[in-house]
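Analysis of the macromolecular model
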Amino acid sequence: MAKAEPSAEENVLVLQGGGALGSYQAGVYEALAECGTTPNWVAGISIGAINSAIIAGNPPERRVERLRAFWDLASSRVTFPSPSRDGEARRWFNEFSAAVVAATGIPGFFHPRLIPPGVFWPDEPQSLSYYDTAPLKKTLLELVDFDLINEPKGLRLSVGAVNVLTGNFVYFDNRERTIGPEHIMASGALPPGFPPVFIDGEPYWDGGIVSNTPLQYVLDTTPCGGLTIFQVDLFSARGRMPVTMPDALQREKDIRFSSRTRLNTDLNKHLEELRDAARRLMAKLPPELCSDPDVQMLAQLPTHGGVSVMHLINRSEMSESHSKDYEFSRYTIDEHWQTGHRDAHLSLHDDRWTGRERGVGGINTFDLTSELY
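Summary of the structure given here. Keep in mind the model is a prediction, meaning the values are calculated, not measured. (Residues numbered from 1 in each chain as written. Predicted model: local features only at pLDDT ≥ 70, side-chain atom pairs only at ≥ 80, totals over all residues. Heavy atoms only, no water.)

**Some thoughts on the nonpolar core**
- Formed by 63 residues in total, the largest nonpolar core has its most connected members in Leu-13, Ile-50, Trp-71, Phe-109, Ile-184 and Phe-328.
- Tallying contributions element by element places helix 2 (residues 47-56) first for this core, with seven residues.
- Here Phe-109 is in contact with Ile-47, Ile-50, Phe-70, Asp-132, Thr-133, Pro-135, Leu-136, Phe-194 and Phe-328, once residues within four sequence places are set aside.
- In terms of nonpolar packing, the next biggest core, distinct from the first, is built from 15 residues, Trp-41, Ile-45, Ile-229 and Val-309 among them. (Core = buried A, V, L, I, M, F, W, Y, C linked by side-chain atoms within 4.5 Å. Buried < 20%, exposed > 50% of the residue type's maximum accessible area, 1.4 Å probe, protein only. Helix = DSSP H or I, 4+ residues; strand = E, 2+ residues; numbered from the N terminus. Contact = heavy atoms within 4.5 Å.)

**As for the pattern of salt bridges**
- Tallied over the entire structure, the rule returns 16 salt bridges.
- In this structure, Arg-68 engages Asp-334 in a salt bridge whose closest nitrogen and oxygen atoms are separated by 3.1 Å. Taken as a pair, Arg-68 in helix 3 (residues 63-74) and Asp-334 in helix 12 (residues 330-348) lie far apart in primary sequence, 266 residues in all.
- With relative accessibility at 23%, the residue Asp-334 sits in the partly exposed group.
- Arg-352 is the partner of Asp-350 in a salt bridge, and the nearest nitrogen-oxygen pair spans 2.8 Å.
- In the salt-bridge network here, residues are joined through shared partners; they are Arg-62, Glu-65 and Arg-66. (Salt bridge = Lys/Arg side-chain N within 4 Å of Asp/Glu carboxyl O.)

**Points about a nonpolar patch on the surface**
- A cluster of nonpolar side chains, contributed by Leu-190, Ile-209 and Val-210, occupies part of the molecular surface with about 230 Å² of accessible area.
- Among the secondary structure elements, Ile-209 is positioned in the loop between strand 8 (202-206) and helix 8 (215-221).
- Overall, the relative accessible area of 42% leaves Ile-209 in the partly exposed class. (Patch = residues over 30% accessible without salt bridge, like charges linked within 9 Å, V, L, I, M, F, W, Y side chains within 5 Å. Areas by Shrake-Rupley, 256 points an atom, 1.4 Å probe, with all protein chains shown as cover.)

**Digging into the side chain of Asp-206**
- Take Asp-206: it is sitting in strand 8.
- It turns out Asp-206 is buried and unbridged, and the closest side chain with the opposite charge, Arg-256, is 9.9 Å from it.
- Reaching out from Asp-206, the side chain makes a polar contact with the side chain of Ser-46 at a distance of 2.6 Å. (Lys, Arg positive; Asp, Glu negative; His and termini not counted. Polar contact = N/O pair within 3.5 Å; in protein donor to acceptor, adjacent residues only side chain to side chain.)

**Details of the packing of helix 3 against helix 12**
- Axis separation between helix 3 and helix 12 bottoms out at 11 Å; the angle between their running directions is 150°. When the axis of helix 3 is compared with that of helix 12, the two are roughly antiparallel. Residue-level inspection shows Val-64, Leu-67, Arg-68, Trp-71 and Asp-72 of helix 3 in contact with helix 12, the latter providing Arg-330, Ile-333, Asp-334 and Trp-337.
- Taken together, the residues of the contact of helix 3 with helix 12 sort by class into five nonpolar, no polar and four charged. (Axes fitted to C-alpha atoms, helices over the stretch in contact; angles between N-to-C directions. Parallel < 35°, antiparallel > 145°, perpendicular 65-115°, else oblique. Nonpolar A, V, L, I, M, F, W, Y, C, P; charged D, E, K, R; others polar.)

**Structural notes on the side chain of Ser-323**
- Within the secondary structure layout, Ser-323 lies in the loop between strand 10 (307-313) and helix 12.
- Of the residues examined, Ser-323 reaches a relative accessible area of 2% and is grouped as buried.
- Within the local environment of Ser-323, its side chain forms a polar contact with the side chain of Glu-95, the two groups lying 3.1 Å apart.
- Every residue in contact with Ser-323, bar those within four places of it in the chain, is listed here: Glu-95 and Ala-98.

Coordinates in, geometry out; function isn't part of it.
Here it is, written out as structure tokens:
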């Protein structure tokens, strides 16, 4: 079993957006729970926000059960087995399943509007999306205890969305406001499929339009001290050269929504090095310069007591195409769940992770399953 995380460290689960691929995150959480690695903070965008709300809105012993309830409901349209894991027949099966979703929607999530958006007057909400997400609100209220989310000492929850009017990225954080189902829905309101969600009179869309991962928010707003971050990405930034048009469409989507996670971690590594250099320099200054405003500003720069980032990236393709984020067949959903569980289980038990150095400044990243793909 993986070593328990020290109490001095804060465990953060960071969940990217990615539609149907989000069952990979559920499998990751199941493996974390089995190893006793419980997060103190969950941050998500889009489908990651939904998974985050289910985790934060349930006691530890019910979280996996409630995640399974959501994903079983979401995958209940196509439940018969697929032909095989790989091959052309599997690709056609995936496309068929995605077409069913596009035509009929997802139970407990969204359904198509009976009247096309273009029929409505421009100022009517129905004119802005092809699907109605009212079923998602009912599902969230059934599977998520929002009173638990809003308890002062409960699990921290942060979900990202973008203001339609200003284009500004916003995080709804239960440390700063009361969270309701509308905040979760706003984080997953990807246009033009889903309508904007109004909160305090302001319209919001899916946070993935600006950034598909909350990693930067976590690093920017965390208090000083040790951090263990489980960064679960649903799109891989790295991939093969496309050979067909569907391949090209899928590769473009992977690049667009991967959000350059490694770029974020590399940039923050550099910033931590600059902060350390500034502190070393200040220690060498003569006393008469210590009260200089520029020196005082440098002295106030926060630093982390050491950050370990475990990257868990959904790389398994299973004959997927650009429709993989809305391919909700039961067979594929279960595969993603199992792959996430396997990747997390192997990473948590890897000697490079269990034997890592703790409490050392800077950011250390671990991608421990890349050799499997």
